[in-house]
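Architecture and fold: a report
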Amino acid sequence: MAERPEDLNLPNAVITRIIKEALPDGVNVSKEARRAISQAASVFVLYATSCANNFAMKAKRKTLNAGDVLSAMEEMEFERFLEPLREALEVYKKGQKGKKEVSEQKRKDKEKKTDSENDKSREEEDEEEERMDEEPEAENEAEEEDVEN
């Protein structure tokens, strides 16, 4: 847990950005109002987390999941936010799936590149060994010619 109550507040930059996105252009918000909204948002997050934790505890889990949060929202009587929240979660899941697929593809590409580099190295080594094998034969032939002359 946080040691000081102000540690529980959301960052001012985040609150300011949310406020700007929620209000039409030209509407100003005083510093005092931003502070009040920030504190209210922090209280809401703490309450929602506490309610979601209760659902996780009832299920004998230590990890909160999206279902716990949805149940908490319903218990807190915020049903009108359930559908937008479900939609946002779906978008998040799709984004995570896309990131996972991109990451997997990068890993496969890297493996292919490493494999092809290893194949090239093996080919070069084989060619070098062949050259090394051929050089003593050429030297032996030269020595034999010298001996004959």
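I will try to describe carefully the structure that is included in this document. (Residues numbered from 1 in each chain as written. Predicted model: local features only at pLDDT ≥ 70, side-chain atom pairs only at ≥ 80, totals over all residues. Heavy atoms only, no water.)

**Observations regarding the packing of helix α1 (residues 12-22) against helix α2 (residues 31-58)**
For the pair α1 and α2, interaxial distance at closest approach is 10 Å and the crossing angle is 105°. Classified by the angle their axes make, α1 and α2 are roughly perpendicular. Residues Asn12, Ile15, Thr16 and Ile19 of α1 form the contact with α2, whose own contacting residues are Arg34, Ile37, Ser38 and Ala41. Classifying every residue of the contact of α1 with α2 gives four nonpolar, three polar and one charged. (Axes fitted to C-alpha atoms, helices over the stretch in contact; angles between N-to-C directions. Helix = DSSP H or I, 4+ residues; strand = E, 2+ residues; numbered from the N terminus. Parallel < 35°, antiparallel > 145°, perpendicular 65-115°, else oblique. Contact = heavy atoms within 4.5 Å. Nonpolar A, V, L, I, M, F, W, Y, C, P; charged D, E, K, R; others polar.)

**Overview of helix α3 (residues 66-75)**
Every buried residue of α3 is listed here: Asp68, Leu70, Ala72 and Met73. Positive phi shows up at glutamate 77, right after α3, with a value of about 65°. (Buried < 20%, exposed > 50% of the residue type's maximum accessible area, 1.4 Å probe, protein only.)

**Remarks on the nonpolar core**
Counting eight residues, the largest nonpolar core is built from Ala48, Cys51, Ala52, Leu70, Ala72, Met73, Met76 and Leu82. Of all the elements in the fold, those that place two or more residues in this core are α2 and α3. Apart from the residues lying within four places of it in its own chain, the contact partners of alanine 52 are Leu64, Asp68, Val69 and Ala72. (Core = buried A, V, L, I, M, F, W, Y, C linked by side-chain atoms within 4.5 Å.)

**Thoughts on the packing of aromatic side chains**
Across all of its chains, the model carries two aromatic pairs by this definition. Here phenylalanine 44 and phenylalanine 78 contribute two aromatic rings whose centre-to-centre distance is 5.3 Å and whose plane-to-plane angle is 80°, an arrangement assigned as edge-to-face. Here phenylalanine 44 is found in helix α2, whereas its partner phenylalanine 78 is found in the loop between α3 and α4 (82-148), with 34 residues between them in sequence. The class of phenylalanine 78 is partly exposed, set by a relative accessible area of 27%. Relative to phenylalanine 81, the ring of phenylalanine 78 has its centre 5.7 Å away and its plane inclined at 45°; by these criteria the two rings are tilted. Grouped by ring-pair contacts, the aromatic residues Phe44, Phe78 and Phe81 constitute a single cluster. Positioned over the ring face of phenylalanine 55 is lysine 58, at 5.2 Å from the centre of the ring. (Phe/Tyr/Trp six-rings, centres within 6.5 Å; stacked < 30°, edge-to-face > 60°. Lys NZ or Arg CZ within 6 Å of the ring centre and 35° of its normal.)

**Side note on unusual backbone geometry**
The backbone of lysine 60 sits at a positive phi, close to 60°, despite the residue not being glycine. With respect to the element layout, lysine 60 can be found in the loop between α2 and α3. At glutamate 77, a position not held by glycine, the phi torsion is positive, near 65°. Mapped onto the secondary structure, glutamate 77 falls in the loop between α3 and α4.

**Examining a negative patch on the surface**
On the surface, Glu123, Glu124, Glu125, Asp126, Glu127, Glu129, Glu130 and Asp133 cluster together to form a negatively charged patch. Topologically, aspartate 133 is positioned in helix α4. (Patch = residues over 30% accessible without salt bridge, like charges linked within 9 Å, V, L, I, M, F, W, Y side chains within 5 Å. Areas by Shrake-Rupley, 256 points an atom, 1.4 Å probe, with all protein chains shown as cover. Salt bridge = Lys/Arg side-chain N within 4 Å of Asp/Glu carboxyl O. Lys, Arg positive; Asp, Glu negative; His and termini not counted. Charge placed at Lys NZ, Arg CZ, Asp CG, Glu CD.)

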